[in-house]
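Here are the chains, one letter per residue:
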Amino acid sequence: MLNVGNTSGVQVRKQQQNARVTLSMYQEPPNVEVTLEEFESYSIDRLQMLKTLELVRLRGRDDAKVEKAMAKFLPLRTAEDREKDEISHFILRMAFCHSEELRRWFLTQESSLFKHRLDQASRDEKMNFMKKNRLVYDQVDTEEFAELKQQLTAVHLANKTSVKEALNMPDVYVKVPFTEAIDLIGQRKVFLKCGVAYVPFDHLVTILFARFRSTLSKQLAIAFRKFNGSAAARDDRLLPVLKNLAKHHIGPDYGTVPQASGNAITPEMIDGLAATAMPLCMKTLHNAMKTQSHLKHGGRMQYGLFLKGIGLQMDDAITFWRNVFCKKMNVDEFNKKYAYNIRHNYGKEGKRKDYTPFNCVKIITGDPPKAGEYHGCPFRHFDEHHLRASLRGINEIDKESIITLARNKDYQLACRRHFEALFPKGNIDAVGNHPNAFFEEARKAIGVKPDPVKQEPVKQEQVKQEPVKTEVKTES
Ligand code: SF4
């Protein structure tokens, strides 16, 4: 019986000499010493790499840009490069394990990085990776292949669109338990028999990617549980660096209400702003609120925190909500049922936490709206007919491209395309991650000077460099 990922002897030694080990499952943190300066610069380089991948994902595939960033921030040419890759991964794992949102962001970008490397890897590199991580699958031998040739060929042909592709029959198949090949089975890309999926070697990428993602997801949960007991949590030099890294992952969080100024947002301005500068999610909530003089809890949270983020002061927020809601209820009822929640959002009640506006990932992946609810992301949660109607005023070509992106589940890209259609001269690069960023850029495009809620660029925190050595022993 042949085993893929389990070749041995001379062949393995040859493979190990020839193949660059560019893929890692990051199972064990490296036990090496790095200076504080390296600790910081390695992690910032990886963060730059992950942010590039995020941007590329939003703008559409651009392998050349990813390669350029890879060569600049995370090359894998030498043993030192590979060590840096491992160290920086574990540092960011420590920085990004502390909340669901941070974990989700890190998992998404690290998975993209792994996928990119996997796509670039040679067959030897993939085999080496599988062997190293004990991902051993039986290879279909000649006898079995002959027995199943008809079925394997039928599945192969059903998935090919050109004669050239159809003639290119895979030369290696591996047998994978069906539980690990659910995606491929769903797409009818593999032959299934007695609980075993017969996977062409090239499709193993899907299996390895799924394995990487689920392993990292579990490891992030473990890192979160163990962090408080780790040496890093007690180290005064590392803690500020880790906190700073996590803060920069998705730009500003719009959590601080700008001080009232000549530019401040007032309740009277909100109708106009909804019509001209808000993203579709907030415009939908605003319109629903105006027509129904009410919004349910999910909508009040999403819209209320957004308004806080654009600079509506707490007292003005109470006035705004009261003016709308009191068309259907009296002031006492409003004060009893709703004013507390508004003060709570501004950190003046309960735990006195300064809540931040929801970003796009949170809105898109949060609970979908039920009947009578209007929160969520229209590109994710509206059906096509409803979305089309919401895009009234956009020309047909733009509308079709927005709807196609939403249909393909590229919700944030659809929103960027919507921004582009509304504000052709706006700065599209800043849009797609946060409703408040959409709003800020829309106002700039209209020609209104923004209030000073600025994103700090990713830069090295000015931590005093000391000639000490720090041992990186991260908890996985
Ligand atoms: S992508 Fe973000 S900003 Fe755009 S509509 Fe959806 S949630 Fe709102």
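The protein chain is annotated in an unreviewed UniProt entry as DNA primase large subunit from Thraustotheca clavata. Heading Function (unreviewed entry) of the UniProt record for the protein chain holds this comment: "DNA primase is the polymerase that synthesizes small RNA primers for the Okazaki fragments made during discontinuous DNA replication."

Enquirer: How should I be thinking about the site of the ligand in this particular structure?
Expert: Around the ligand, the neighbouring residues are P279, C281, C360, I363, C377, P378, F379, C415 and P435. For the shell around the ligand, the secondary structure elements donating two or more residues are α17 (360–365) and α18 (378–381). Across the shell around the ligand, the residue classes tally to 9 nonpolar, no polar and no charged.

Enquirer: How do you make sense of the pattern of salt bridges when you look at a structure like this?
Expert: A side chain of one charge can pair with a side chain of the opposite charge if their charged atoms are brought near each other. Summed over all chains, the structure comprises 20 salt bridges. A salt bridge links E100 to R104, with the nearest nitrogen and oxygen atoms 2.9 Å apart. Taken together, the residues E100 and R104, both in helix α5 (residues 100–120) and 4 residues apart, mark about one turn of the helix. Here R343 and E349 are joined by a salt bridge, their closest N and O atoms 2.7 Å apart.

Enquirer: Sorry, what's going on with the confidence of the model for the protein chain here?
Expert: Per-residue confidence for the protein chain averages 84 on the pLDDT scale, and 87% of its residues sit at or above 70. Predicted confidence in the protein chain is weakest over strand β7 (residues 469–472), with a mean pLDDT of 40, and strongest over helix α13 (residues 280–292), with 97. The low-confidence segment residues 1–19, where pLDDT is below 50, has 35 contacts with residues more than four positions distant or belonging to other chains.

Enquirer: Honestly, the nonpolar core in this entry has me stumped. Any pointers?
Expert: The nonpolar side chains of soluble globular proteins are, as a tendency, buried together. Grouped together as the largest cluster of nonpolar side chains are 65 residues, with contacts concentrated most on M49, F96, L242 and L245. Apart from the residues within four sequence positions on either side, L245 is in contact with S43, I44, L47, I91, L92, A95 and F96.

Enquirer: Honestly, the pairing of strand β6 (residues 196–200) in this entry has me stumped. Any pointers?
Expert: With 4 of 5 residues buried, β6 lies mostly within the body of the structure. Bridge count between strand β4 (residues 173–177) and β6: 5 bridges; the pairing is antiparallel. Each bridged residue has a counterpart across the sheet, and for V176 the counterpart in β6 is A197. Count of turn residues in the strand β5 (residues 191–193)/β6 antiparallel hairpin: 2 residues, of which C194 carries a positive phi of about 50°.

Enquirer: Honestly, the side chain of E110 in this entry has me stumped. Any pointers?
Expert: Its location among the elements puts E110 in helix α5. The residues touching E110, leaving out its near neighbours within four places in the chain, are Y26, R46, L50, H89, F212 and L216.

Enquirer: Can you walk me through the UniProt feature "binding site: [4Fe-4S] cluster" (unreviewed entry) in the protein chain in this structure?
Expert: Residues annotated by UniProt as "binding site: [4Fe-4S] cluster" (unreviewed entry) correspond here to C281, C360, C377 and C415. What stands out for the annotated residues spanning 135 residues is how close their C-alpha atoms remain, the widest pair being 9.9 Å apart. Inspection of the secondary structure assignment puts C281 in helix α13. What makes C281 buried here is its relative accessible area of 9%. With near-sequence residues (within four places) excluded, C281 lies in contact with Q302, G376, C377, P378 and P435. Along the chain, C360 turns up in helix α17.

What counts as what
Residues numbered from 1 in each chain as written. Predicted model: local features only at pLDDT ≥ 70, side-chain atom pairs only at ≥ 80, totals over all residues. Heavy atoms only, no water. UniProt positions renumbered as here; feature names shortened; annotations may be inferred. Near = heavy atom within 4 Å. Helix = DSSP H or I, 4+ residues; strand = E, 2+ residues; numbered from the N terminus. Nonpolar A, V, L, I, M, F, W, Y, C, P; charged D, E, K, R; others polar. Salt bridge = Lys/Arg side-chain N within 4 Å of Asp/Glu carboxyl O. pLDDT = per-residue confidence, 0-100. Contact = heavy atoms within 4.5 Å. Core = buried A, V, L, I, M, F, W, Y, C linked by side-chain atoms within 4.5 Å. Buried < 20%, exposed > 50% of the residue type's maximum accessible area, 1.4 Å probe, protein only. Pairing = 2+ DSSP bridges.

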